[in-house]
Amino acid sequence: MHQALHRALEIGVARIAPGLINVASFLLLADTLELGDYGIFSTSIATAGLIVSLVYGPIKFSILPLHAEYAAQGDQKGFETSLLGLALLVSLVLICVAAIGFLLDDNLGWLVVIVISMGMASSLQPALHARGQFWRYGTVDLTQATIWIALVLTWVAEVPSVSTALMAYAASLAISFMVAWLLVGRNLPTLPKLQSLKKIFAVGVPFTAGNMAENVIFLGFRYLLLLFGNANLLGTFSLCVDLAQRTVGVVINLFSFTILPRAYKELLTLQPSVFFKTLGRAAIQSGVIALGVMAGIIIISSVEWFAALQPPVFSITAFAIISAATITNRLKKLLIDPISVYKNRSGGIAIGYFIAGPLALLSAAIALNFAAAEIFYLSYFLGYLLAAAITTSYIRPLAAI
C-alpha cells in the first residue's frame, strides 16, 4: 500500500500537476488574447515543436528505447553525456539562427529561443524518465508550468500580445532546461562514439520521421486555416487541440510514462508476449479513462465556470471530435508504435501519417471551402484514424506476435 501511494504521488507530481497548471495557463491566455491572436500563438508553439522534432528528434526519441540497454552495460552516464553533447552542437547552430532572427523580427528570434530551450530540455528530461526518477522528472515540468502561469497572470496580462506571450513561454522553458540539467547530474557533454551514434540514429530517425509526418495533420490543419484566413476558427480549433492534448491526451501519456520504460526492460529479460500484454492492458485502461476525462470537460463547459470554455471561443462539438482524434493518436503511440520498433517495421510509423495526412488536408480544405466546420473537425479525426490503420497493417501479421 505504501509503495502504491508513493508511486501515485510520483505520477501526480510528474505529470498530473504540471498538466493541470498548463491547462489553466492556456485557458487564461485564451481569455487574455484576442481569439485570432491566441490561434497565432498556439500555431507558433506548434511550429516550434515541429522544428524541435526535426533537429533534436533523433536524440530525444532514442533515449527511452536505448537507455535500458546502456544501463545494463554499465554505460548509462556515457550514453547520457553523449546525447547532451549532440544536443549542444545542434543548439550552437541554432543560436546563430536566433541572432539572425532577432535582426529580422523579434517574434522570429523568440521562436528560435523557444526551439533551443525546448530541444535542450527534451534531450535531458527523458533520461530521468528512463531512470524511473519521476520526482525529478516532475520537478522539471512543474517548474516550467509554474513560471508560465505566473508570467501569464502578470506580464502577459499587463501587455496582452503574441510577442509578450512568446517571450514569457521562452523564459519558462529556458529555466526548466537549467533545472533539468541540474537534476540529471550536471553532466558535462561529450561526443558519442561511432557505434553509439549509429544506434541513436537507427532508433531516433524513424521516430523523428514519424513525428514529422504526424505534423502534416497536427500543424497542417492550422496552416490551412491561416491560408483560408479564418482567424476565429483557427482560435477555436487551436484551443480545443491544446485542451485535448493537455487533458485527454495526458491521461494516455501517464500510462505511457509509467509503462513504456518497464515494457522495454521486459524485452531484455522476459518473453516478448509479456511486452505485448503490458502494452495492450495499458492501452485499454488509458483509453477508457481518457473518454471519461473528455466527458468531464464537456460537463464542465456546460456549467459556465470558465469564460474560455464558452462559445464562440469554445465548441463542444469541436472538442469532442478533436479529443477522439487525440485518443486515437496517443493510443497508437502507446501500443502500435513500440510494436513497430520491436518488429523492425518502424518505417510504418511515418508511412501512416504521410499517406493519411494529405488525404485529411484535402478533405479539410473542401470543408472550409463550403464553410462546413464540423466536416473540418471530422477530417482531423479521420486523418489520425487512417494513419493508425495504415501503420497497423504495415506491421502485420499481428497474429504472429
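Residue positions are counted from 1 within each chain, in the order its sequence is given. With pLDDT at 70 or above as the cut-off, local features in this predicted model cover only qualifying residues; side-chain atom pairs require 80 or more to be listed or tallied, and sums for whole chains, interfaces and linings still use all residues. The basis for every side-chain value is the complete set of heavy atoms in the structure, and neither hydrogens nor water enter the calculation.

> Even after reading the chapter, I still don't get the overall build of the protein chain, so can you show me in this structure?
What the protein chain contains, in helices and strands, is 15 helices and zero strands. Every one of the 401 residues in the protein chain was classed for burial, and the buried ones make up 54%. Note on contacts: a residue pair is in contact if any heavy atoms of the two residues lie within 4.5 Å. Partitioning the intrachain contacts of the protein chain with sequence separation of at least 6 by distance along the chain shows that 82% fall at a separation of at least 24. Helix numbering and strand numbering both begin at the N terminus, where a helix is a DSSP run of H or I of at least 4 residues and a strand a DSSP run of E of at least 2. Accessible area is worked out with a 1.4 Å probe on protein chains only. A residue is then buried under 20% of its type maximum, exposed over 50%, and partly exposed in between.

> I'm lost on the environment of Gly348 in this one. Help?
Note that Gly348 resides in helix H14 (residues 347-369). Exposure remark for Gly348: the relative accessible area of 1% places this residue in the buried category. Gly348 sits 39 residues away from Ala387 along the chain, and the two C-alpha atoms are 9.4 Å apart. Setting aside residues no more than four positions away along its own chain, Gly348 makes contact with Thr391 and Tyr394.

> Would you explain helix H8 (residues 194-218) in this entry?
Along an α-helix, residues three or four positions apart point the same way, because every turn accommodates 3.6 residues. By this rule, a helix spans an expected 1.5 Å times one less than how many residues it contains. Counted at 1.5 Å a residue, the expected span for H8 with its 25 residues is 36 Å, and the 34 Å between its end C-alpha atoms agrees. In this analysis the local bend is the angle between axes fitted, respectively, to the seven residues ending at and the seven residues starting at the residue. By the largest-angle criterion, Gly204 marks the main kink of H8, which is about 30°, and a proline, Pro206, follows within four residues.

> Sorry, what's going on with a nonpolar patch on the surface here?
Patch criteria: residues need more than 30% relative accessible area and no salt bridge. Like-charged residues are merged within 9 Å; nonpolar side chains of Val, Leu, Ile, Met, Phe, Trp and Tyr are merged within 5 Å. Accessible surface is estimated by sampling points in the Shrake-Rupley manner with a 1.4 Å probe; for residues, cover comes only from the protein chains shown. By definition, a salt bridge exists where a carboxyl oxygen of Asp or Glu is found within 4 Å of a side-chain nitrogen of Lys or Arg. A cluster of nonpolar side chains, Leu88, Leu89, Leu92, Ile95 and Leu191, forms an exposed patch at the surface whose accessible area comes to about 470 Å². Checked against the element boundaries, Leu191 lands in the loop between helix H7 (162-184) and H8. Judged by relative accessible area, Leu191 falls into the exposed class, the value being 62%.

> Even after reading the chapter, I still don't get the side chain of Thr391, so can you show me in this structure?
Structurally, Thr391 can be placed in helix H15 (residues 373-394). On the accessibility criterion, Thr391 (0% relative accessible area) is buried. Setting aside anything within four residues of it in sequence, one finds Thr391 in contact with Lys332, Ile336, Asp337, Ser340, Gly348, Ile349 and Gly352.

> Even after reading the chapter, I still don't get the packing of aromatic side chains, so can you show me in this structure?
Given two aromatic rings, one states the distance between the centres and the angle between the planes to describe the pair. Here the aromatic set is Phe, Tyr and Trp, taking the six-membered ring for Trp, and pairing holds for ring centres within 6.5 Å; pairs whose planes are under 30 degrees apart are stacked, those over 60 apart are edge-to-face, and all others are tilted. The tally for this structure, following the rule as stated, stands at 13 aromatic pairs. Considering the side-chain rings of Phe221 and Phe237, the 6.2 Å spacing of their centres and the 20° angle between planes classify their relative orientation as stacked. Here the residue Phe221 occupies a position in helix H9 (residues 220-228), and Phe237 occupies one in helix H10 (residues 231-246), the gap between them amounting to 16 residues. The exposure class of Phe221 is buried, given its relative accessible area of 0%.

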